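# A closer look at the structure
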Amino acid sequence: MNKTMLIKNGRIIDPSQDMDMTGDLLITDGRIKEVAASIKEIPADCNVLDAKGMIVCPGFIDFHCHLRQPGFEEKETIATGSKAAAKGGFTTICCMPNTNPALDNRATIDYIKSASATDACIRVLPIGCITKGRAGKELADMGELAEAGVVAVSDDGSTIADSRIMKQALEYSTIFGLLVGDHCEDVMLSNGGQINEGIIATRLGLRGIPNAAEENIIARDIALAKLTGARIHICHISTHGSVELVRNAKKDGVKITVEVTPHHLTMDEGMVLGFDTNAKVNPPLRTRKDIAALIAGLKDDTIDIIATDHAPHTDNEKLCEFAIAPFGISGFETALGSLMKLVHNGDIEIGLLLSKLTAAPAKIIGSKFGKLGTLEQGAMADITIFDPDAEWKVNVEEFYSRGRNTPLNGEKLKGKVMATIFNGKVVYKDNSVKLGVKA
């Protein structure tokens, strides 16, 4: 492919620069060369992509996903997961450490980095464990993990029940400049739970997971973050009470950031009616009241970012009795289409949505891995191009991910990724998009 590319006639939105304009964008040697209303000096033999009617923005960044490799390659691999992410518009993804072996030492982190360099079509940043084996008993060597190049540490999928261990983790994280990702689940309250505790759980005869299971741990860890002065990141927030706890913590000066998933913003507990195991996720889908609070949290910046929590499983794992099906939704390829519902319904503005997918997660990651989430001149050319009005039907048979576990199969969504560019290279392109060469 040529070293230069012109994206022309697109609506260019870059929240990092408060930019919203119609114009052209020129890429040279994998970096942003120029953004202007009209670029006149176009190099010979330049690839040209006409983005008329489309939005051009920084590549999406997913701070929370599961690639399953090593150990669970039947669910997903770095190759298939990154390809699915690219189809969803993501150019940077951060993979969680609940693999086998867990990502709790330099060797496992080096493996992820090596495999990603070989197999991934986009940027993959590993997240290391807080505790050895994610067992919650003994801290992993955070210094070693920091030197190995993790973007954060987390025992996601498992809560650190021992408050003393969590306090130590936060204290050590300040020494090594690491962000601590927090899976907030009081297992004494959630144990055996299947869906949100409420009327639907009672109707279906399923044990529920109360809001307090999440809120108890958030409250504890806010107190510990305040005590230690550490940075803490709350994963997949889901309740109105949790939003209020975080809102107050931020007012109190606690160094806390928060993510919410597309499914918790757009799906409620009614999705499990009919015992659809593809709607079984942890934390569970909540109520419309909770969704309204999550949207309000996005709008006032209580919630910092949107992250998919992409959690692929095999078909056979989900084709079973509801109580024994694993938690998780495959979310890379439906993220934008789902989230655009919020824009089309008037719940949030497009600029805010894109900020939560680009500039905001880039700020959390920092500059260690390069200038991410921006279309500034000289930045890496990580770009997503999408049609906000394109309607399409979800068909899991067309997924690039090995995980087809989504309750959206057969649903019609409005908003579709048309092309994804990573480091100046087209890594995904819809068949309808034409990429020509200027003579």
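Refer to the structure above for everything that follows.
Residues numbered from 1 in each chain as written. Predicted model: local features only at pLDDT ≥ 70, side-chain atom pairs only at ≥ 80, totals over all residues. Heavy atoms only, no water.

Secondary structure assignment for the protein yields 14 helices and 19 strands. By the compact-globule yardstick of 22 Å for 439 residues, the protein fits well, its C-alpha radius of gyration being 21 Å. Each principal axis of the C-alpha atoms in the protein carries an extent, and together these give about 65 × 50 × 45 Å. Counted over contacts in the protein with a minimum sequence separation of 6, partners at least 24 positions apart contribute 75%. Total accessible area on the protein is roughly 16,900 Å²; 48% of this is exposed by carbon and sulfur atoms. Once the 49 positive and 57 negative side-chain charges of the protein are each reduced to a mean point, those two points are 2 Å apart. (Helix = DSSP H or I, 4+ residues; strand = E, 2+ residues; numbered from the N terminus. Rg over C-alpha atoms; globule rule 2.2 N^0.38 Å. Contact = heavy atoms within 4.5 Å. Areas by Shrake-Rupley, 256 points an atom, 1.4 Å probe, with all protein chains shown as cover. Lys, Arg positive; Asp, Glu negative; His and termini not counted. Charge placed at Lys NZ, Arg CZ, Asp CG, Glu CD.)

Applying the stated criterion across every chain yields a total of 18 salt bridges. For the salt bridge of Asp252 with Lys226, the shortest nitrogen-to-oxygen distance reads 2.6 Å. Residue Asp252 is located in the loop between helix H8 (240-251) and strand S14 (256-260), and its partner Lys226 is located in helix H7 (residues 211-228); the two are separated by 26 residues in the primary sequence. Put simply, Lys416 and Asp430 hold a salt bridge, and the shortest N to O gap is 3.1 Å. In this pair, Lys416 is assigned in strand S17 (residues 412-422) and Asp430 in the loop between strand S18 (425-429) and strand S19 (435-437), connecting sequence segments 14 residues apart. The exposure class assigned to Asp430 is buried, which follows from its relative accessible area of 10%. (Salt bridge = Lys/Arg side-chain N within 4 Å of Asp/Glu carboxyl O. Buried < 20%, exposed > 50% of the residue type's maximum accessible area, 1.4 Å probe, protein only.)

When the terminal C-alpha atoms of H7 are compared, their 26 Å separation across 18 residues agrees well with the 26 Å that a helix rising 1.5 Å per residue should span. Turning to H7, its buried residues are Asn211, Ala213, Glu214, Glu215, Ile217, Ile218, Arg220, Asp221, Ile222, Leu224 and Ala225. (Expected span 1.5 Å × (residues − 1).)

A surface patch of nonpolar side chains, amounting to about 310 Å² of accessible area, comprises Tyr172, Ile175 and Phe176. Relative to the elements of secondary structure, Ile175 occurs in helix H4 (residues 163-176). For Ile175, a relative accessible area of 59% puts it in the exposed group. (Patch = residues over 30% accessible without salt bridge, like charges linked within 9 Å, V, L, I, M, F, W, Y side chains within 5 Å.)

Further remarks concern helix H10 (residues 288-299). An α-helical turn contains 3.6 residues, so any two residues separated by three or four positions project in the same direction. Between the first and last C-alpha of H10 there are 17 Å, a value that for 12 residues agrees with the 16 Å anticipated at 1.5 Å per step. Following H10 by one or two positions, Asp301 has its phi on the positive side, about 65°.

Looking now at the environment of Glu147. Turning to its location among the elements, Glu147 is positioned in helix H3 (residues 142-148). Residue Glu147 is classed as exposed on the basis of its relative accessible area, which comes to 62%. In this structure the side chain of Glu147 is engaged in a polar contact, spanning 3.0 Å, whose partner is the side chain of Arg106. (Polar contact = N/O pair within 3.5 Å; in protein donor to acceptor, adjacent residues only side chain to side chain.)

Here we take up empty space enclosed by the protein. Empty space among the atoms becomes visible once a probe the size of a water molecule is rolled across them. Scanning all chains against the criterion turns up five cavities of 30 Å³ or more. Approximately 70 Å³ is the volume attributed to the largest cavity. Pro262, His263, Met267, Thr308, Ile329, Gly331, Thr334, Ala335, Ser338 and Leu408 are the residues that line the largest cavity. Of all the secondary-structure elements, those providing two or more residues to the lining of the largest cavity are helix H9 (262-266) and helix H12 (335-344). Broken down by class, the residue content of the lining of the largest cavity amounts to five nonpolar, five polar and no charged. By volume, the second largest cavity amounts to about 60 Å³. (1 Å grid on protein atoms, 1.4 Å probe; cavity = no way out; pocket = protein on both sides within 12 Å on 5 of 7 lines; lining within 4 Å. Points joined across faces, edges and corners; volume = space filled by probe spheres on them. Nonpolar A, V, L, I, M, F, W, Y, C, P; charged D, E, K, R; others polar.)

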